[in-house]
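Observations on chain architecture
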Amino acid sequence: MLNFLANAGLKSFLNNHKTIKSVAEILDISLKDGDAKSKILLNGETEPVSVSFNYKIYGNTLCITNVNTSKKWLNGLAEAFKDKYAQIDLGKHEGAAGIAKHLL
């Protein structure tokens, strides 16, 4: 039950974030033991995209690896940006560090 509430809280938080809200809606998200799975409806698309990745948090840094999507072109895009977004400083994102540490 606690995991369900944490996932629902994260989904709500992400869907209300101005950057995410401008490009997509998170339909489902599941986090467990360093693995994340989600279904995301990108603006202008009719079918959601499945996304999975591994994550770890070190201090205020979220580290993301092994990103895979249900769309081949998105996998290519993820690969192109993997070095830039492999480590995200959560402290720069509207207090997200505390929320992420609690939920993840």
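Residues numbered from 1 in each chain as written. Predicted model: local features only at pLDDT ≥ 70, side-chain atom pairs only at ≥ 80, totals over all residues. Heavy atoms only, no water.

Thoughts on the nonpolar core
If you look at soluble globular proteins, the nonpolar side chains tend to sit buried side by side. Ile29, Leu31 and Leu62 are the most contacted members of the largest nonpolar core, which totals 16 residues. At the level of elements, helix H1 (2-16), strand S1 (24-32), strand S2 (35-42), strand S3 (49-58) and strand S4 (61-69) are the ones that each hand at least two residues to this core. The greatest single-element share of this core, amounting to 4 residues, is contributed by S1. (Core = buried A, V, L, I, M, F, W, Y, C linked by side-chain atoms within 4.5 Å. Buried < 20%, exposed > 50% of the residue type's maximum accessible area, 1.4 Å probe, protein only. Helix = DSSP H or I, 4+ residues; strand = E, 2+ residues; numbered from the N terminus.)

Digging into the sheet that holds S3
Within the open sheet, the 5 strands sit side by side as S1-S2-S3-S4-S5. Their pairing is antiparallel. The open sheet has two free edges, formed respectively by S1 and strand S5 (87-89), since each of these has just one partner strand. Between one strand axis and the next, the sheet turns by 30° as a mean value, whatever way the strands run. Here S4 pairs with S5 via 3 bridges, running antiparallel. Note that in S5 the partner of Thr61 across the bridge is Asp89. (Pairing = 2+ DSSP bridges. Axes fitted to C-alpha atoms, helices over the stretch in contact; angles between N-to-C directions.)

Remarks on the confidence of the model for the protein chain
Looking at the protein chain as a whole, the pLDDT averages 82, with 86% of positions reaching at least 70. By mean pLDDT, the top-scoring element of the protein chain is S2 (94), and the lowest-scoring one is helix H4 (residues 96-103) (55). (pLDDT = per-residue confidence, 0-100.)

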